[in-house]
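Okay, here's what each chain looks like letter by letter:
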Amino acid sequence: MLNKIGFIAYTVSNLQQSIKFYQNLLGLELLLKKDRWAEFNIAGQRFAIYEKTNGAIKDDQSAAIVYFEAIPIETIVNDLQVKGVKFYKNIEVYSYGKIILFSDPDNNSLGLYEPPKKKPKVSIKVIFKAGFNKLLQRIK
């Protein structure tokens, strides 16, 4: 049974340039760098980048998108824009949360995601008690 993603990997044309992007602009913790491979830590999740041997990235590469949790998304978008990150559009709001897309230096799609705010649950006990109190007031 699958419980979580082991890691996510992208192919890049320039490992050092990509390490700077993910480490310096996005603030990811570099776990290791070996040969043409680097791994980052994102709250216990691993994200890896791998440099192609010839340094060329083909147009038909994977269209995978990694969404990083961003709370609050507006603040993080503003912080990244100040650092030079360009976003495709504005933040989009859906019932399942807020998202926005951007790219790394090799045009790999990345996204930011803010889950929806949880609505407070009203317990049936509170509803019953309120209704019961109203009933008692009518009787008095």
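One can find the structure itself at the top, above this paragraph.
Everything quoted here is computed from the prediction, not taken from an experiment.

A. Representation of the overall build of the protein. Along the backbone of the protein there are 3 helices and 8 strands. Starting at the N terminus and walking to the C terminus, you meet the elements of the protein as β-α-β-β-β-β-α-β-β-β-α. In the protein, the proportion of contacts linking residues at least 24 apart, taken out of those at least 6 apart, comes to 51%. A total accessible area of about 10200 Å² is found for the protein, and carbon and sulfur atoms account for 56% of it.

B. Summary view of the sheet that holds strand β7 (residues 97-103). If you trace the 4 strands from one edge of the open sheet to the other, you get β5-β8-β7-β6, paired in mixed fashion. Either end of the sheet is taken by a strand with one partner, and the two such strands are β5 (66-69) and β6 (92-94). Adjacent strand axes in the sheet meet at a mean angle of 30°, parallel and antiparallel pairs treated alike. The pairing of β7 with strand β8 (residues 109-114) spans 6 bridges and is antiparallel. Among the inter-strand pairings, Phe102 is bridged to a residue of β8, identified as Leu110. In the packing of helix α2 (residues 73-82) onto the sheet, contacts are made with β7 and β8, and the angle to β8 comes to roughly 145°.

C. Representation of helix α1 (residues 15-25) in the model. Along α1, the residues that are buried comprise Leu15, Ser18, Ile19, Phe21 and Tyr22. One face of α1 carries all of its buried residues, which in axial projection span an arc of 160°. On the buried face of α1, the contacting elements are β1 (7-12), β2 (29-34), β3 (37-42), β4 (45-51), β7 and β8. Structurally, the start of α1 carries an N-cap: the backbone nitrogen of Gln16 is 3.2 Å from a side-chain oxygen of Asn14. A positive phi of about 75° marks Gly27, the residue just after α1.

D. Quick look at the pattern of salt bridges. One pass over the structure, following the stated rule, counts 3 salt bridges. The partner of Arg46 in a salt bridge is Glu39, and the shortest N-O contact between them spans 2.4 Å. A salt bridge links Lys98 to Glu74, with the nearest nitrogen and oxygen atoms 2.7 Å apart. Linking Lys98 in strand β7 with Glu74 in helix α2, this pair joins segments that are 24 residues apart in sequence.

E. Examining unusual backbone geometry more closely. At the junction of Ile71 and Pro72, the peptide bond is cis and its omega measures out at -5° in the coordinates. Secondary-structure assignment places Pro72 in the loop between β5 and α2. Even without glycine at this site, Ala43 takes up a positive phi of about 50°. Take Ala43: it is sitting in the loop between β3 and β4. The class of Ala43 is exposed, set by a relative accessible area of 83%.

Cut-offs applied
Residues numbered from 1 in each chain as written. Predicted model: local features only at pLDDT ≥ 70, side-chain atom pairs only at ≥ 80, totals over all residues. Heavy atoms only, no water. Helix = DSSP H or I, 4+ residues; strand = E, 2+ residues; numbered from the N terminus. Contact = heavy atoms within 4.5 Å. Areas by Shrake-Rupley, 256 points an atom, 1.4 Å probe, with all protein chains shown as cover. Pairing = 2+ DSSP bridges. Axes fitted to C-alpha atoms, helices over the stretch in contact; angles between N-to-C directions. Buried < 20%, exposed > 50% of the residue type's maximum accessible area, 1.4 Å probe, protein only. Arc of directions from axis to C-beta. Polar contact = N/O pair within 3.5 Å; in protein donor to acceptor, adjacent residues only side chain to side chain. Salt bridge = Lys/Arg side-chain N within 4 Å of Asp/Glu carboxyl O.

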